[in-house]
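# Structure at a glance
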Amino acid sequence: MTVPAYVVGICMGFIYAAFLVCIIGTLAKLGRYIRAPTHLRWELYPVPHEKAYFAVRDEIPMLRGSFAQFYHGGLAEELKEMLPEMLFLVRVFRYRRRIWFFSLAMHDGIYLILAWFVLLLIDAITRLAGIPVYAFSPNPWGAFIAWLTIITGIVGGFAIAVGTVGLFIFRLADRGMREYATFREYFNLAFIFTVVITALVAVCTYVWNYMCANGFTFKNLVDALFGNHQGVFYEAMMQMLALITFDPSKLAGLTFVTSPLMLAHQILFCLFLLYYPFSKMVHGPAKYVSYHLVNWDDKPHQEGPLHYNYWGIIKIKER
Amino acid sequence: MSSEEKKVSELPGTPPGAKRRRVLGIGLFTEDEYVKYKQTVPPTLKDVDLSLDGYSALGLPENVPPEKEKEWKEKFLSGLKKLLDPEKNWTFYRPFILTWEYCARCQTCAEACPIYLASGKKEIYRPTYRLEILQRIYRRYFTWYGKIPFLRKLMKADIELDARVIKQLAELSYRCTQCRRCALYCPLGLDQGLVDREIRKLFSQELGIHAKELHELGTEQQLRVGSSTGMTPKAFLKIVKFLEEMIREKTGLNIKIPVDEKGADYLLIHNAGEYLSWPENPAAFAILFELAGVSYTLSSEPVGYDAVNYGVWYNDIQLYKVAKKHFEIARKLEVKAILIGECGHAWKAILTAERVIPKEERVPFTDVLIVMDDIIRRKKLNLDPNRNNFPVTLHDPCNKARKGGIVEEPRRIIRAVVPEEQFREMEPHGYYNYCCGGGSGFAIMHPYNFDEWKMKYASYYKVKQILEAFKDVLHKDVPKYVCAPCSNCKGELRDMIAYYGLWEKYKITYGGLVELVVNAIADIPPFLELEFH
Ligand code: SF4
Ligand code: SF4
């Protein structure tokens, strides 16, 4: 079954729009927190960079220099704390191990899919440069990134599927989580799952059909994934190429990415992108604000917006 | 841990209906259970609303006239709106809105909360419970689906605001010590302790509902008389004379304690409670600073001799007013810095309030633990650790450690004044310590039957930790010292040692840090007596 070309074209337009809305929406959301008035100091120790805090001591002549040996690094220390937290969910591992596995699967799955998009971009650029990109490419770089694309995409997709299902079940089974979850929390998980499962089903169907037709060999399996001028990842790369060159003609002859199920997947994915900035799921980027601008914000002598009409009753300071 | 958790909830006095049932508002009881429970309480509690969990911190009346209910309801909703307004609530909008919008209810924070755990995991003490209630009320009144009856359950927009719920939520905001341990555990860096504070703020700034120990007898009295203890400047000066006398008697030193001396390096402000309950603490500071040659002065101006600033727990306006006074007095005395005594929340309050003080009115400030550490590291004293030859453990005040960044300093000090084998850490300690149970004002709040709640729930984990830290020396012949460089922690320790009989059974007592330091100064007679009263 094929879909008319204009549908594919509309779909492409939708992808651009959704991508833009997602980026702009997320930045706007973050901007709202970053531009919010300077709140009162409410830091929470340990603060990985200690510079500003020690400045409090350094502005006191009697103590000046006395604590120099305890200075810590700046942003580097923050990243050292932040990165493992983002990648491995350290706090969940330490304090709430029961949900850690599924939570990690979902979050790291999402990171992998983000990396996968970047890989597709690299695939497309490499191909533009004239290097053949597919699993058994004679060019080692072409072969390397093709394999990386295959592994990242498949592991990422399955991880998200497993993670969302697991978390959904936990939400239902764990008293604390069930009682406190709203309809939206379930909806978000189900939404992510639906986006991912449509793609996974489409991929599996394509690969299965290909192997039924050509025989169950390893080579055929790989060809169905990322072969030379065929396969699901090949088509994904071509679609990326079409997107970055604004050239829908690059989609000509592709059967997988223009199949109804994959179009449904793409539309769902776009809807997800449109929904994301307005959902609770922005907590990823928002986490930067809550750590960097709240918990680790120990800057001394910063003034709050004293002229505001605080609480609607008094001006804390008349100016 | 779980068997002990059970035990706590089985202690006599635990209200019935411990299972989570929201038949009567948001509390523990069903209607029948509450009626029965009310029949068992003493007459003084008959007219007090105990419907949250059988206890009362605020003493709100059982019966609220309909006009009052209507007024409360309106004010509550308008206050809730203000909390979510970046301008009207600029002081805490950013941290609050992040928690409000992004708490994923993953419940990691619940594993951190000593009150929730000590209660045997009673639902109403779960860190996210307060936020949940608040949001259900918000959804009910401020969203489109909250207006459609059959969607309310599904969307969890199902809490109707009435006088009962308002009273229970007000009480509920006084069931968290704002220790912010939960915030340290939260994978998203969100803060349920702050939510508690903001709810108290809503009640205080909008409805005029607050704990009288914090407001009428607290900040209001402090601003009016000079101290939340009711101490007047005259009384303060008398106490200073008494301290000089005490120092002479104990050590033979003739020390004149500097008061209102302009141009000193530091303006030292103690929690005024020290002068009344633990005078050896300010006396020890007088000795230490004299011998170490630290230039400082006390102030006898109202508010200048009391470091407390209860506003940090419940009200931004009071927080500002008290902090402003502290900075004003420091500028008048032309000191180089304000020095906060052994009082945890005073340190947090000055850190927090700094940003409401305009730059030109600000004076640098620091903490006595930092200065004592400095004195010791510069080797200004002749110290003999063997003077403190008894088991010592250190309780980190949440406000100094997790909320104030001072963790290494007291440890360096203790290592210098206590024999190494006598010092033991509690587990966990430092940034991860458990609150003593007196946080957020609980240490000074003793209304109705609230003390019982505090002892059973808020202080339980501390007691457990203290006993574990001393487990190899529990014998009655060995006196033991819980060092807590914070007035409120000391108040709570005093109560819990009495309640759990730790002195009679195990000879465990408590005190500040400077007492240990002065006791170790080899040039003067021993200063410390290990007693409990
Ligand atoms: S740990 Fe953080 S995100 Fe999870 S429930 Fe607690 S406050 Fe919410
Ligand atoms: S601040 Fe402390 S007492 Fe309050 S909810 Fe968090 S962990 Fe529990």
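What you see is a predicted model; the values in this text were computed from it and never measured. Position labels on residues start from 1 in each chain and follow its written sequence. Chains carry letters and ligands carry numbers; both start at the beginning, A for chains and 1 for ligands, and go up in the order they are written. Since the coordinates come from a predicted model, pLDDT governs what is reported: local features require at least 70, and pairs of side-chain atoms require 80 or more to be given and counted, while whole-chain, interface and lining totals use all residues. Water and hydrogen atoms play no part in the side-chain values, which are based on all heavy atoms of the structure.

### Here we look at the packing of aromatic side chains
- Ring geometry is summarised as follows: Phe, Tyr and Trp rings, the Trp one being its six-membered ring, pair when their centres sit within 6.5 Å, and such pairs are stacked at plane angles under 30 degrees, edge-to-face over 60 and tilted between the two. On inspection of all chains with the given rule, the structure shows 51 aromatic pairs over all chains.
- Considering the side-chain rings of phenylalanine 191 of chain A and phenylalanine 272 of chain A, the 5.4 Å spacing of their centres and the 85° angle between planes classify their relative orientation as edge-to-face. Here phenylalanine 191 of chain A is found in helix 8 (residues 183–214), whereas its partner phenylalanine 272 of chain A is found in helix 11 (residues 260–275), with 81 residues between them in sequence.
- The classification of residues rests on relative accessible area computed with a 1.4 Å probe and restricted to protein chains. Under 20% of the type maximum is buried, over 50% is exposed, and intermediate values are partly exposed. Here phenylalanine 191 of chain A falls in the buried class, since its relative accessible area comes to 11%.
- Here a set of aromatic residues connected by ring pairs shows up, and it is made of Phe183, Phe187, Phe191, Phe272, Tyr275 and Tyr276 of chain A.
- Just above the ring of phenylalanine 527 of chain B sits the side chain of lysine 250 of chain B; from NZ or CZ to the centre is 4.4 Å. Secondary structure elements are defined from DSSP: runs of H or I of at least 4 residues count as helices, runs of E of at least 2 residues count as strands, and each element is numbered from the N terminus. Criterion for a charge above a ring: Lys NZ or Arg CZ within 6 Å of the ring centre, and within 35 degrees of the ring normal.

### Overview of the site of ligand 2
- In these notes, residues near a molecule or strand are those with any non-hydrogen atom within 4 Å of it. With respect to spatial proximity, the complete set of residues near ligand 2 consists of Cys113, Ile115, Pro127, Arg130, Cys176, Thr177, Gln178, Cys179, Arg180, Arg181, Cys182 and Gly193 of chain B.
- In this classification, Asp, Glu, Lys and Arg are treated as charged, Ala, Val, Leu, Ile, Met, Phe, Trp, Tyr, Cys and Pro as nonpolar, and every other residue, Gly included, as polar. When grouped by side-chain class, the residues that make up the shell around ligand 2 number six nonpolar, three polar and three charged.

### A word on the sheet that holds strand 8 (residues 508–511) of chain B
Residues and elements named next belong to chain B.
- Read from one edge of the open sheet, four strands run 6-5-7-8, paired in parallel fashion. Single-partner strands in this sheet number two, and they are strand 6 (423–424) and strand 8.
- The criterion for strand pairing is that DSSP finds at least two bridges linking the strands in question. Of the pairings in the sheet, the one linking strand 5 (residues 392–394) to strand 6 comprises two bridges and is parallel in character. Bridged to valine 392 within strand 6 is phenylalanine 423.

### Focus: helix 22 (residues 487–499) of chain B
Residue and element names in this part refer to chain B.
- Expected span of a helix, by definition, is 1.5 Å for each gap between consecutive residues, and there is one gap fewer than residues. Its 13 residues place the ends of helix 22 18 Å apart at the C-alpha level, agreeing with the 18 Å of an ideal helix rising 1.5 Å per residue.
- Within helix 22, ten of the 13 residues are buried, leaving the element largely enclosed by the surrounding structure.
- Positive phi appears at glycine 501, one or two residues downstream of helix 22, with a value of about 65°.

### Remarks on the sheet that holds strand 4 (residues 365–367) of chain B
Residues and elements named next belong to chain B.
- Here four strands make up an open sheet; going across it, the order is 2-1-3-4 and the pairing parallel. Single-partner strands in this sheet number two, and they are strand 2 (296–297) and strand 4.
- As paired elements, strand 1 (residues 266–269) and strand 2 share two bridges and run parallel to each other. For leucine 267, the partnering residue across the bridge sits in strand 2 and is threonine 297.
- Only heavy atoms matter for contacts: two residues are in contact if any of them lie within 4.5 Å across the pair. Axes here refer to lines fitted to C-alpha atoms; in helices the fit is confined to the stretch in contact. Angles between the N-to-C directions go from 0 to 180 degrees. Helix-sheet contacts for helix 17 (residues 344–353) involve strand 3 (337–340) and strand 4, and the interaxial angle to strand 4 is about 155°.

### Digging into the interface of chain B and chain A
- Listed as interface residues are 95 residues of chain B and, on the opposing side, 79 residues of chain A.
- Between chain B and chain A lies a buried interface of about 7800 Å² when both sides are counted; carbon and sulfur atoms form 58% of it.
- Salt bridges are identified by distance alone: a Lys or Arg side-chain nitrogen within 4 Å of an Asp or Glu carboxyl oxygen. For the pair chain B and chain A, the interface holds seven salt bridges.
- Here glutamate 43 of chain A and lysine 348 of chain B are joined by a salt bridge, their closest N and O atoms 3.7 Å apart.
- What qualifies as a polar contact is a pair of N or O atoms within 3.5 Å, subject to a donor-acceptor requirement within protein and to the restriction that residues adjacent in sequence count only when both atoms come from side chains. Remark: the boundary between chain B and chain A carries 45 residue pairs in polar contact (both at pLDDT 80 or more). In this description, buried area is defined as the sum, over both parts, of the accessible area (probe of 1.4 Å) that is lost when the two are combined.

### A short note on the side chain of aspartate 374 of chain B
Residues and elements named next belong to chain B.
- Here aspartate 374 shows up in helix 18 (residues 368–377).
- When its relative accessible area of 4% is taken as the criterion, aspartate 374 is described as buried.
- At a separation of 2.9 Å, a polar atom in the side chain of aspartate 374 contacts the side chain of arginine 378.

### Quick notes on the packing of helix 20 (residues 450–458) of chain B against helix 22 of chain B
Residues and elements named next belong to chain B.
- Contact geometry for helix 20 and helix 22: axes closest at 11 Å, N-to-C directions at 85°. Taken together, the axis directions place helix 20 and helix 22 in an arrangement best described as roughly perpendicular. Seen from helix 20, the contacting residues are Glu452, Lys454, Met455 and Lys456; seen from helix 22, they are Glu492, Asp495, Met496 and Tyr499.
- Residues of the contact of helix 20 with helix 22, tallied by class, amount to three nonpolar, no polar and five charged. Orientation categories follow fixed angle ranges, with anything under 35 degrees roughly parallel, anything over 145 roughly antiparallel, 65 to 115 roughly perpendicular, and all other angles oblique.

### As for the layout of surface pockets
- Site definitions follow a grid-based scheme: protein atoms alone, a 1 Å grid, a 1.4 Å probe that fits but cannot get out for cavities, and for pockets an open set with protein on both sides within 12 Å along at least five of seven lines, plus lining residues having an atom within 4 Å of a point. Grid points are joined across faces, edges and corners, and a volume is the space filled by probe spheres set on the points. The calculated volume of the second largest pocket comes to roughly 570 Å³.
- Surrounding the second largest pocket, 20 residues form its lining, Arg184 and Lys280 of chain A together with Trp100, Glu101 and Gln135 of chain B being those nearest its centre.
- Per-element accounting of the lining of the second largest pocket gives the leading share, four residues, to helix 4 (residues 93–102) of chain B.
- Split into classes, the residues belonging to the lining of the second largest pocket amount to nine nonpolar, five polar and six charged.

### Looking at the environment of alanine 202 of chain A
- With respect to the helices and strands, the residue alanine 202 of chain A is situated in helix 8.
- For alanine 202 of chain A and isoleucine 154 of chain A, which are 48 residues apart along the polypeptide, the C-alpha to C-alpha distance reads 12 Å.

### Thoughts on the pattern of salt bridges
- Per the counting criterion, the structure on display carries 62 salt bridges over all chains.
- We note a salt bridge from lysine 250 of chain A to aspartate 247 of chain A, for which the minimum N-O separation is 3.1 Å.
- On the basis of relative accessibility, which here comes to 25%, the residue lysine 250 of chain A falls in the partly exposed class.
- A residue is classified by how much of its surface remains accessible, and aspartate 247 of chain A, at 22% relative accessible area, is partly exposed.
- A salt bridge links aspartate 367 of chain B to lysine 400 of chain B; the nearest nitrogen and oxygen atoms lie 2.6 Å apart.

### Considering helix 12 (residues 233–251) of chain B
Residue and element names in this part refer to chain B.
- Counted at 1.5 Å a residue, the expected span for helix 12 with its 19 residues is 27 Å, and the 27 Å between its end C-alpha atoms agrees.
- What helix 12 keeps buried is the set Phe236, Ile239, Val240, Leu243, Glu244, Met246, Ile247 and Thr251. Across the axial projection of helix 12, the buried residues extend over an arc of 165°, all falling on one side. Among the exposed residues of helix 12, those pointing more than 90 degrees away from its buried face are Lys234, Lys238, Lys241 and Glu249.
- For helix 12, the elements touching its buried residues are helix 13 (273–277) and helix 14 (280–292). By construction, the arc corresponds to the directions joining the helix axis to the C-beta atoms.

### Looking at the confidence of the model for chain B
All names here are of chain B.
- Note on scores: pLDDT gives the predictor's confidence for each residue, bounded by 0 and 100. On average, residues of chain B score 93 in pLDDT, and 96% of them reach the 70 mark or higher.
- Of the regions scoring below 50 in pLDDT, residues 1–21 engages in 45 contacts with residues more than four places distant in sequence or in other chains.
- Scored as a whole, the predicted complex attains pTM 0.93, and scored at its interfaces, ipTM 0.91.

### Concerning the environment of valine 225 of chain B
Residues and elements named next belong to chain B.
- Among the secondary structure elements, valine 225 is positioned in helix 11 (residues 215–225).
- Placed 77 residues apart in sequence, valine 225 and proline 302 show a C-alpha to C-alpha distance of 6.5 Å.
- Contact partners of valine 225, with chain neighbours within four places excluded, come to Gly230, Met231, Thr232, Pro233, Pro302 and Tyr305.

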